[in-house]
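Inside the fold
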Amino acid sequence: MTTSANTQSSGELKYEGKAKRVFATANPGEYRVEYKDDATAFNAQKRGSWAGKGATNNAITALLYPQLEDAGVPTHFLKKLSDTEQLVRAVTIVPIEVIVRNVAAGSFAKKLGLEEGTPLSRPVVEYCYKSDALGDPLVNTDTAVALGWASVAEMKRIRQLAIQVRDFLTPYFLTRGIRLIDFKLEFGKLPGLSDPGEAIVLADEISPDTCRFWDAETGEKMDKDRFRRDLGGVEAAYAEMLRRIEQG
Ligand code: TMP
């Protein structure tokens, strides 16, 4: 794993996920996120790792989040600290994976018996409960509200922001020769704010780990499906995605 740079003294480990670690900082309103080189798939049943993965995903997220902010999507991102670290606003993560689909692929295509690549006439937003042990089961707004994960107003805001992210990113990637097939977002709540318009921010990351990217000309997969499906060339695909995003 890439070692973290000496940008901040190491605070208390608040959370360790499969691809990132979150640390407290001297400021209670800010966390330091460290991107790992580890990759998992199928709820961590498949594991791998490659040098530079954390740095690539950190770089991609650090480029995309400020542009999303400019497009009106509040995010937790504050600044990049090093190759593998970024400073973010401390939030409580809503335990839902918000999936937005432009084109049928992955679990959606499988579940509905559709060929991957089948176009959707409008975006589909799905919610999954973040639980590897349960296999990230599909839930809905009623579930989230009934179990106290978020209010009706917060779920409405989350959906609105997810569509806003989609409306920004879909043409953004197309101009870079990439079809954005689907992606997963996570949202957090800032403490002490009751208005969902202020409290809910985009958290986590947007990277080839969390999106399906298909080359617009060749159809080649440029994302974590290369790892999930043992297609090879995973490092090159991630590096190429960063290169296209850096093109500005
Ligand atoms: P799916 O088709 O497997 O449900 O995945 C939809 C999108 O969400 C795809 O871009 C990959 C991403 N995703 C994650 O980021 N984390 C996950 O745990 C899962 C299941 C999917």
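All of these numbers come straight from a predicted model, not from anything done at the bench. (Residues numbered from 1 in each chain as written. Predicted model: local features only at pLDDT ≥ 70, side-chain atom pairs only at ≥ 80, totals over all residues. Heavy atoms only, no water.)

Looking at the site of the ligand
Basically, it comes down to this: Note on terminology: near, applied to a residue and a molecule or strand, indicates that one of the residue's heavy atoms is within 4 Å of it. Throughout this description, a polar contact denotes any pair of N or O atoms lying within 3.5 Å of each other; where both atoms belong to protein, one of them has to be capable of donating a hydrogen while the other can accept it, and for residues adjacent in sequence the pair is counted only when both atoms sit in side chains. Shrake-Rupley sampling with a 1.4 Å probe provides the accessible areas, and residues are treated as covered by the protein chains on show and by no other component. Each helix is a run of DSSP H or I of at least 4 residues and each strand a run of E of at least 2, with the numbering of both proceeding from the N terminus. Residue polarity follows a fixed list, in which Ala, Val, Leu, Ile, Met, Phe, Trp, Tyr, Cys and Pro are nonpolar, Asp, Glu, Lys and Arg are charged, and the others, Gly among them, are polar.
Surrounding the ligand, one finds 15 residues, the nearest of these being Arg 101, Ser 107, Asp 182, Lys 184 and Arg 212. Between Asp 182 and the ligand, the recorded distance is 2.5 Å, taken from a side-chain N or O atom to an oxygen atom. At 2.9 Å, a side-chain N or O of Arg 212 approaches an oxygen atom of the ligand. Alone, the ligand offers 450 Å² of accessible surface; in the complex the protein occludes 82% of this. Mapped onto the shell around the ligand, the elements with two or more residues apiece are β9 (96–103), α2 (106–112), β12 (178–185) and β15 (211–215). Grouping the amino acids of the shell around the ligand by side-chain chemistry returns four nonpolar, three polar and eight charged.

Looking at the sheet that holds strand β1 (residues 13–16)
Rules: Strands qualify as paired when DSSP identifies two bridges or more between them. Angles here are taken between N-to-C directions and fall from 0 to 180 degrees, while the axes themselves are lines fitted to C-alpha atoms, restricted in helices to the stretch in contact. In this description, contact between two residues means that some pair of their heavy atoms is separated by no more than 4.5 Å.
The strand order across the open sheet formed by five strands is β1-β2-β3-β7-β6, and the pairing between neighbours is antiparallel. Because the sheet does not close on itself, it has two edges, and the strands there are β1 and β6 (77–82). The sheet shows a mean angle of 25° between the axes of neighbouring strands, taken without regard to direction. Across five bridges, the pairing between strand β2 (residues 20–24) and strand β3 (residues 30–35) is antiparallel. Its bridge partner being in β3, Phe 23 is matched across the sheet by Arg 32. Its contacts with the sheet put helix α1 (residues 53–70) on β3, β6 and β7 (85–89), and the angle it makes with β6 is roughly 150°.

Digging into the pattern of salt bridges
To keep it simple, the criterion reads: Any carboxyl oxygen of Asp or Glu within 4 Å of a side-chain nitrogen of Lys or Arg constitutes a salt bridge here. For the exposure calls, accessible area comes from a 1.4 Å probe over protein chains only, and a residue counts as buried if that area is under 20% of its type's maximum, exposed if over 50%, partly exposed in between.
In total, this model carries 27 salt bridges according to the counting rule given. The partner of Arg 244 in a salt bridge is Asp 215, with the nearest N and O atoms 2.8 Å apart. Remark: Asp 215 occurs in strand β15 and Arg 244 occurs in helix α7 (residues 234–246); sequence separation between them is 29 residues. Accessibility expressed as a relative area gives 12% for Arg 244, which makes it buried. Classification of Asp 215 as buried rests on a relative accessible area of 9%. Glu 220 is the salt-bridge partner of Arg 226, the closest N and O atoms lying 3.8 Å from each other.

Focus: the sheet that holds strand β8 (residues 92–93)
Strand order in the open sheet formed by three strands is β8-β13-β14, with antiparallel pairing between adjacent strands. Two strands close off the open sheet at either side, each with one partner strand: β8 and β14 (200–202). Across two bridges, β8 lies against strand β13 (residues 187–189) in antiparallel orientation. When the bridges of β13 are listed, Ile 93 appears paired with Gly 188. Running at roughly 30° to β14, helix α4 (residues 152–174) makes contact with β13 and β14 of the sheet.

Section: the packing of aromatic side chains
We count it as follows: Two rings from Phe, Tyr or Trp (for Trp, the six-membered ring) form a pair when their centres are within 6.5 Å of each other. A pair whose planes differ by under 30 degrees is stacked, one over 60 is edge-to-face, and the rest are tilted.
A full pass over the atoms with the stated rule returns six aromatic pairs. For the ring pair Trp 50 and Phe 227, a centre distance of 5.9 Å and an interplane angle of 50° mean the geometry is tilted. Of this pair, Trp 50 sits in the loop between β5 (46–49) and α1 while Phe 227 is found in helix α6 (residues 225–228), placing the two residues 177 residues apart along the sequence. Given the relative accessible area of 8%, Trp 50 is considered buried. Assessed through its relative accessible area of 11%, Phe 227 is described here as buried. Arranged with centres 4.6 Å apart and planes meeting at 10°, the rings of Tyr 129 and Trp 149 form a pair that is stacked. Of this pair, Tyr 129 sits in strand β10 (residues 119–129) while Trp 149 sits in the loop between α3 (141–146) and α4, and the two are 20 residues apart along the sequence. Assessed through its relative accessible area of 14%, Trp 149 is described here as buried. An aromatic cluster of at least three residues, connected via ring pairs, comprises Phe 168, Tyr 172, Phe 173 and Phe 213.

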